[in-house]
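What the coordinates show
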Amino acid sequence: MTFDGMGEAGEEVDGGAAAAGGGPAVAREGRAVRVLIADDHPIFRDGLATLLEPHPDIEVVARAADGAEAVALAAVHRPDVIVMDIQMPHVNGIEATRRVLAEQPTVGVLVFTMGEDDGTLLSAMRAGARGYLVKGAAQDEVVRAITAVAAGGVVFGASLATRIGELLSPSPSRQATEFPMLTERERQVLDLIAAGRSNGQIAAELFLAPKTVRNNVSAILSKLQATDRAEVIIRARDAGMGQRD
């Protein structure tokens, strides 16, 4: 498995640590950066480990097949950096990032995923990720990103770095950017969920049948890969939804 020549050079974003949240990673001078790889595709997970293992400054200490396992293994191995996929079963990468950083705020999370849509990027940053690369990045880009994140830097692929400032600026289209996978009706339902409305209250306010509301809520949970309604409320409120005078 190779990444050579398949991606753009990464860019370190000065001052980005404040935006991404959390403290610097704790890789100590004089020893290898301890890395945990979390990805549900064994070919990619093992391939990335094989790619990294020859580097004397990097040590792969664990591999996780889903977000829940990533959280558990992080507690055991205390890595400096977690290379985190987003789309994983049981617990997705965004939620796994939140859970890990709640217990180990100095861990550097480097999101490594197939997509680069604005909603996923912003969600990763809000969860505390310190880096974001698209799968297909060149081998040296991956190594540089891991070492930079371990040193406390914030790194994004070149194609993403130019969008950071725009994403962090408030705009009327913010909600649509945050959840591009949702339909307009689902965003309306999500906004009311974030405001604390019950399904019955949402049905009355939007003049919908209760079954329609239940279907929309199920679709929202599925599309956001959320484990429960509480997680949906937190993410929606982070995006500015559910605000009422």
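The text that follows walks through the structure, step by step, so that each part is easy to find. (Residues numbered from 1 in each chain as written. Predicted model: local features only at pLDDT ≥ 70, side-chain atom pairs only at ≥ 80, totals over all residues. Heavy atoms only, no water.)

Focus: helix α10 (residues 184-194)
Helical geometry: 3.6 residues make up each α-helical turn, so side chains three or four residues apart lie on a common side. For α10, a buried count of eight out of eleven residues is recorded, marking the element as mostly surrounded by other parts of the structure. The set of residues buried in α10 consists of Glu186, Arg187, Val189, Leu190, Asp191, Leu192, Ile193 and Ala194. Positive backbone phi, approximately 90°, marks Gly196, located one or two places after α10. (Buried < 20%, exposed > 50% of the residue type's maximum accessible area, 1.4 Å probe, protein only. Helix = DSSP H or I, 4+ residues; strand = E, 2+ residues; numbered from the N terminus.)

Concerning the environment of Asn215
Looking at the element boundaries, Asn215 is found in helix α12 (residues 210-223). Owing to a relative accessible area of 47%, Asn215 belongs among the partly exposed residues under this scheme. Between the C-alpha atom of Asn215 and that of Glu186, which follows or precedes it by 29 residues, the distance is 9.6 Å.

Here's the deal with empty space enclosed by the protein
As enumerated under the stated definition, the model contains one cavity of 30 Å³ or more in all. Surrounding the largest cavity, Arg98, Ser123, Arg126, Glu178, Arg235 and Asp238 form its lining. Contributing elements (two or more residues each) for the lining of the largest cavity: α5 (118-127) and α13 (229-238). Taken together, the residues of the lining of the largest cavity sort by class into no nonpolar, one polar and five charged. (1 Å grid on protein atoms, 1.4 Å probe; cavity = no way out; pocket = protein on both sides within 12 Å on 5 of 7 lines; lining within 4 Å. Points joined across faces, edges and corners; volume = space filled by probe spheres on them. Nonpolar A, V, L, I, M, F, W, Y, C, P; charged D, E, K, R; others polar.)

Everything listed here is a matter of coordinates, which is why it stays silent on function.
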